[in-house]
Amino acid sequence: MTKPDAPSPEADARPARRGRPPKTRAAGGSDTRESILDAAEDLFSKHGFYGVTIREVAREAGVDTALVHYYFGAKRGLFDSVFLRRAEVWNNERVDAINRYAREAGEAMTLEGLLEAFLRPPFQWSLKGGPGWKHYSALVAQTNANPTFGGETMARYFDPAIRRLIELIHQTMPTAREVDLYWAYHNLSGALTLTLGETGRLDRLSGGLCLSGDLETAGDYMVRFAAAGFRAVCLPDAK
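Here the structure is a predicted model, which means the values were calculated and not measured.

**Student:** I would appreciate a short explanation of the overall build of the protein in the present structure.
**Tutor:** Broken down by element type, the protein carries eleven helices and zero strands. Listing the helices and strands of the protein from first to last along the sequence gives α-α-α-α-α-α-α-α-α-α-α. In the protein, which comprises 239 residues, the share counted as buried stands at 43%. Here the contacts in the protein between residues at least 6 apart in sequence split such that 70% fall between residues at least 24 apart. Within the structure as shown, the protein displays about 13100 Å² of accessible surface, and the carbon and sulfur contribution to it stands at 54%.

**Student:** Which parts of the structure should I look at to understand the side chain of Glu 41?
**Tutor:** With respect to the helices and strands, the residue Glu 41 is situated in helix α2 (residues 29-47). Here Glu 41 is in contact with Val 82, Arg 85, Arg 86, Gly 132, His 135 and Tyr 136, once residues within four sequence places are set aside.

**Student:** Explanation requested: the nonpolar core in the structure shown.
**Tutor:** The tendency in soluble globular proteins is for nonpolar side chains to be buried as a group. Ranked by internal contacts, the top residues of the largest apolar core, which has 65 residues, are Leu 78, Phe 158 and Phe 230. Ignoring any residue separated from it by four or fewer positions in sequence, one finds Phe 230 in contact with Leu 111, Leu 115, Ile 169, Met 173, Leu 181, Ala 184, Tyr 185, Leu 188 and Leu 235.

**Student:** Where do I start with the pattern of salt bridges in this structure?
**Tutor:** Two side chains of opposite charge can pair, provided their charged atoms sit close to one another. One pass over the structure, following the stated rule, counts 15 salt bridges. A salt bridge links Arg 85 to Glu 41, with the shortest nitrogen-to-oxygen separation between them at 3.4 Å. Note that Arg 85 is positioned in helix α5 (residues 75-105) and Glu 41 in helix α2, a separation of 44 residues in sequence. A single burial state applies to Arg 85 and to Glu 41, both of which are buried. In this structure, the salt-bridge partner of Glu 112 is Arg 231, at a minimum N-O distance of 2.8 Å. Placement of the pair is Glu 112 in helix α6 (residues 111-128) and Arg 231 in helix α11 (residues 215-234), with a sequence separation of 119 residues. A cluster of three or more residues bridged by salt bridges with shared partners is formed by Glu 34, Asp 38, Glu 41, Arg 85 and Arg 86.

**Student:** Even after reading the chapter, I still don't get the packing of α6 against helix α9 (residues 178-196), so can you show me in this structure?
**Tutor:** Between two packed helices, the angle of one axis relative to the other and the distance separating the axes together describe the packing. Their axes nearest at 11 Å, the elements α6 and α9 cross at an angle of 20°. Compared by their axis directions, α6 and α9 come out roughly parallel. For α6 against α9, the interelement crossing comes out right-handed. Within the contact between the two elements, α6 uses Leu 115, Phe 118, Leu 119, Pro 122, Phe 123 and Ser 126 and α9 uses Tyr 185, Leu 188, Leu 192, Thr 195 and Leu 196. Residue classes in the contact of α6 with α9 are distributed as nine nonpolar, two polar and no charged.

**Student:** Explanation requested: a nonpolar patch on the surface in the structure shown.
**Tutor:** Residues Val 179, Trp 183 and Val 233 make up a contiguous nonpolar surface patch of about 280 Å² in total accessible area. Among the structural elements, Trp 183 can be located in helix α9.

**Student:** Just checking my understanding: could you explain the confidence of the model for the protein for this structure?
**Tutor:** Note that predicted coordinates carrying low pLDDT should not be read in detail. Across the protein, the average pLDDT comes to 87, with 87% of residues at 70 or higher. The spread of mean pLDDT over the elements of the protein runs between helix α1 (residues 9-13), the lowest at 37, and helix α3 (residues 54-61), the highest at 97. Taken as a whole, residues 1-27 scores under 50 in pLDDT and shows 34 contacts with residues more than four places along the chain or in a different chain.

**Student:** What is the right way to look at helix α7 (residues 131-144) in this model?
**Tutor:** In an α-helix, one turn spans 3.6 residues; hence positions three or four apart end up facing the same way. With 14 residues, α7 should reach 20 Å at 1.5 Å per residue; the first-to-last C-alpha distance of 20 Å fits that figure. Listed in full, the buried residues belonging to α7 are Gly 132, Trp 133, Tyr 136, Ser 137, Ala 138, Leu 139, Val 140, Ala 141 and Thr 143. The inward-facing, buried residues of α7 contact α2, α5, α6, α8 (150-172) and α9.

So, how was this worked out
- Residues numbered from 1 in each chain as written.
- Predicted model: local features only at pLDDT ≥ 70, side-chain atom pairs only at ≥ 80, totals over all residues.
- Heavy atoms only, no water.
- Helix = DSSP H or I, 4+ residues; strand = E, 2+ residues; numbered from the N terminus.
- Buried < 20%, exposed > 50% of the residue type's maximum accessible area, 1.4 Å probe, protein only.
- Contact = heavy atoms within 4.5 Å.
- Areas by Shrake-Rupley, 256 points an atom, 1.4 Å probe, with all protein chains shown as cover.
- Core = buried A, V, L, I, M, F, W, Y, C linked by side-chain atoms within 4.5 Å.
- Salt bridge = Lys/Arg side-chain N within 4 Å of Asp/Glu carboxyl O.
- Axes fitted to C-alpha atoms, helices over the stretch in contact; angles between N-to-C directions.
- Parallel < 35°, antiparallel > 145°, perpendicular 65-115°, else oblique.
- Left-handed = near helix turned anticlockwise from the far one by under 90°.
- Nonpolar A, V, L, I, M, F, W, Y, C, P; charged D, E, K, R; others polar.
- Patch = residues over 30% accessible without salt bridge, like charges linked within 9 Å, V, L, I, M, F, W, Y side chains within 5 Å.
- pLDDT = per-residue confidence, 0-100.
- Expected span 1.5 Å × (residues − 1).

Following this line, the structure appears as structure tokens:
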């Protein structure tokens with residue numbers, strides 16, 4: 001859909017009208033769209049897809065519900081737009097990182113090196129990207145565990161990056177069976193999304209000894225844990 005053009009000062013002075021916005025009024029069309037996405041991301045991350053209405057998103061964004069429908073259509077279209085916006089950033093950076101590592105390491109490529117390169121972008125964005133990335137991480141954790149449409153959504157936005165990782169891991173473990181590689185990644189995926197969701201479960205379980213918000217430490221643990229897991233699952237007879 002083509003974005004509306006910039007508004008004139010006179011248009012700004014007129015009272016807002018309900019209904020479909022004229023295309024000549026959209027100065028801040030991109031800003032309005034981003035505001036809606038931010039509001040929806042926040043609400044979806046806290047209440048899930050089924051716990052949020054278009055009306056609530058519009059109220060949170062400070063716009064009319066007609067604008068939400070104008071930009072995104074139905075609620076699923078809004079959800080998909082929220083999911084895609086940051087998925088592209090995550091996955092482009094992850095693929096670039098593992099490809100760069102593989103190119104630079106050459107025959108010295110290691111499982112730990114690949115996992116560190118692949119995991120660093122989502123952890124760094126969640127650490128330093130601001131509240132929006134925290135919301136997105138929680139949303140990914142929810143979606144990954146959603147039995148209704150989670151598998152389809154994760155496959156659509158994340159599978160190409162994951163398949164590239166598995167392809168490179170296979171190069172470091174050429175005798176591994178493909179089925180074992182996918183099971184190993186499945187276990188890593190659950191740990192990754194739960195950790196990035198920062199639910200506070202770890203804090204309570206450990207009595208405060210571990211903090212779910214300590215993502216620097218979590219990332220270091222995850223690389224070592226995942227590498228050991230891949231070896232245990234994919235190379236069970238290795239001594």
